[in-house]
Amino acid sequence: MIQDRTGRAGTWPTGSFLARLTADDQAVLLAAGAPRSWTPGDLLFRQGDAGTSVVLMLRGYVKVLGRKPDGRPMLLAVRVAGDLIGELAILDGEPRSASVVAAARAAGRVMPAATFRSLLRERPSIADAVHRSVTAKLRMANRHRVDVGGDLVLVRIARLIAHLGEVYGRPVPEGTLIDLPLSHTDLAELVAAAEPSVQRALADLRRLGAVTVGYRKVVIRDRQALSTVAATAA
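Residues numbered from 1 in each chain as written. Predicted model: local features only at pLDDT ≥ 70, side-chain atom pairs only at ≥ 80, totals over all residues. Heavy atoms only, no water.

A.B. asks: Looking at this model, I keep getting lost on the side chain of arginine 109. Mind explaining?
C.D. replies: Mapped onto the elements, arginine 109 comes out in strand β8 (residues 106-112). The charged side chain of arginine 109 is buried without a salt bridge, its nearest counter-charge being glutamate 122 at 14 Å. A polar side-chain atom of arginine 109 sits 3.0 Å from the main-chain carbonyl oxygen of leucine 30. A polar side-chain atom of arginine 109 sits 2.6 Å from the main-chain carbonyl oxygen of alanine 32. Setting aside anything within four residues of it in sequence, one finds arginine 109 in contact with Leu29, Leu30, Ala31, Ala32, Gly33, Ala34, Pro35, Val54, Val55, Leu56 and Leu58. (Helix = DSSP H or I, 4+ residues; strand = E, 2+ residues; numbered from the N terminus. Buried < 20%, exposed > 50% of the residue type's maximum accessible area, 1.4 Å probe, protein only. Lys, Arg positive; Asp, Glu negative; His and termini not counted. Salt bridge = Lys/Arg side-chain N within 4 Å of Asp/Glu carboxyl O. Polar contact = N/O pair within 3.5 Å; in protein donor to acceptor, adjacent residues only side chain to side chain. Contact = heavy atoms within 4.5 Å.)

In structure tokens:
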């Protein structure tokens, strides 16, 4: 499970920040900053605060939360072991664009902004990986806005599951397990849909044989069937 990974080279999720680095660069980052742990509900970053540090996730997972116009929180993304969090505010000097809250027991290394900037200057390969990571997150944010704009909930949830499978998937006998304990509420927030609509969409994907769904568990059974639904135009 992602939550149990210890940080050995090669054990990071395929789409995570650390997975993009050489073993040498991983070792440098894993030695930087100070160790820290969080319990569910702990706040790592608050939207609007100044960026004074970054976090390298080593265990557990966190939720990235924005604010709806009425002030209620909205789930924007999840981050897991191997992911870098909070780097954008350090790079552009702007306030935090979202809050980050621990969704499970989590651990990581907290690097002050000065330490992080020094690493970027001293190791261009890490700096390049950071910039590529930021670009990927911005592209994903843009894709998310397009995906939730008008397509059917079934299509939106299929695209989300396909993406999560690519980034956080783990082979199991039944197929590909999305190694994140996301609830139906979490999935609904990620595709900007009502929870009953997401439940109906998941039931449709089950009937197609594309996925199986359990308590906070999604397994991709048939990638081709899932991709076919995800590619459906509105």
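Let's pick the thread back up.
A.B. asks: Is there a simple way to think about the sheet that holds strand β1 (residues 34-38) in this case?
C.D. replies: Sheet strands pair via backbone hydrogen bonds, and the direction of the pair is either parallel or antiparallel. The four strands are arranged β1-β8-β3-β6 in an open sheet whose pairing can be described as antiparallel. Only two strands of the sheet have a single partner each, and these edge strands are β1 and β6 (84-85). Bridge analysis of strand β3 (residues 53-59) against β8 gives six bridges, and the strand direction is antiparallel. Residue valine 54 lies in a different strand from β8, and its bridge partner there is methionine 111. Lying over the sheet, helix α3 (residues 113-122) contacts β3, β6 and β8, oriented at roughly 80° with respect to β8. (Pairing = 2+ DSSP bridges. Axes fitted to C-alpha atoms, helices over the stretch in contact; angles between N-to-C directions.)

A.B. asks: Which parts of the structure should I look at to understand the packing of helix α5 (residues 153-168) against helix α7 (residues 195-207)?
C.D. replies: Following both chains from N to C, one finds α5 and α7 inclined at 70°, their axes separated by 9 Å at the closest point. Between α5 and α7, the crossing angle belongs to the class labelled roughly perpendicular. Side by side, α5 and α7 meet where Val153, Leu154, Ile157, Ala158 and Ile161 of the first sit next to Ser197, Val198, Ala201, Leu202, Asp204 and Leu205 of the second. Per-class residue counts for the contact of α5 with α7 are nine nonpolar, one polar and one charged. (Parallel < 35°, antiparallel > 145°, perpendicular 65-115°, else oblique. Nonpolar A, V, L, I, M, F, W, Y, C, P; charged D, E, K, R; others polar.)

A.B. asks: Looking at this structure, how should I read the nonpolar core?
C.D. replies: The nonpolar side chains of a soluble globular protein tend to be buried, and buried together. Within the largest apolar cluster, 36 residues are counted, with the highest numbers of intra-cluster contacts made by Ile157, Ile161, Leu180, Leu182, Val198, Leu205 and Leu226. Those elements that provide at least two residues to this core are β4 (61-67), β5 (73-80), α5, α6 (184-190), α7, β12 (217-220) and α8 (223-230). It is α5 that contributes the most residues to this core, nine residues altogether. Sequence-distant contacts of leucine 205, defined by excluding residues within four places in its chain, comprise Leu154, Ile157, Ala158, Ile161, Ala210, Val211, Leu226 and Val229. (Core = buried A, V, L, I, M, F, W, Y, C linked by side-chain atoms within 4.5 Å.)

A.B. asks: Sorry, what's going on with α5 here?
C.D. replies: One full turn of an α-helix is made of 3.6 residues, so residues set three or four places apart face in the same direction. Compared with the 22 Å implied by 1.5 Å per residue over 16 residues, the 22 Å span of α5 between its first and last C-alpha is a close match. Of all 16 residues in α5, 14 are buried; the element is thus mostly enclosed. (Expected span 1.5 Å × (residues − 1).)

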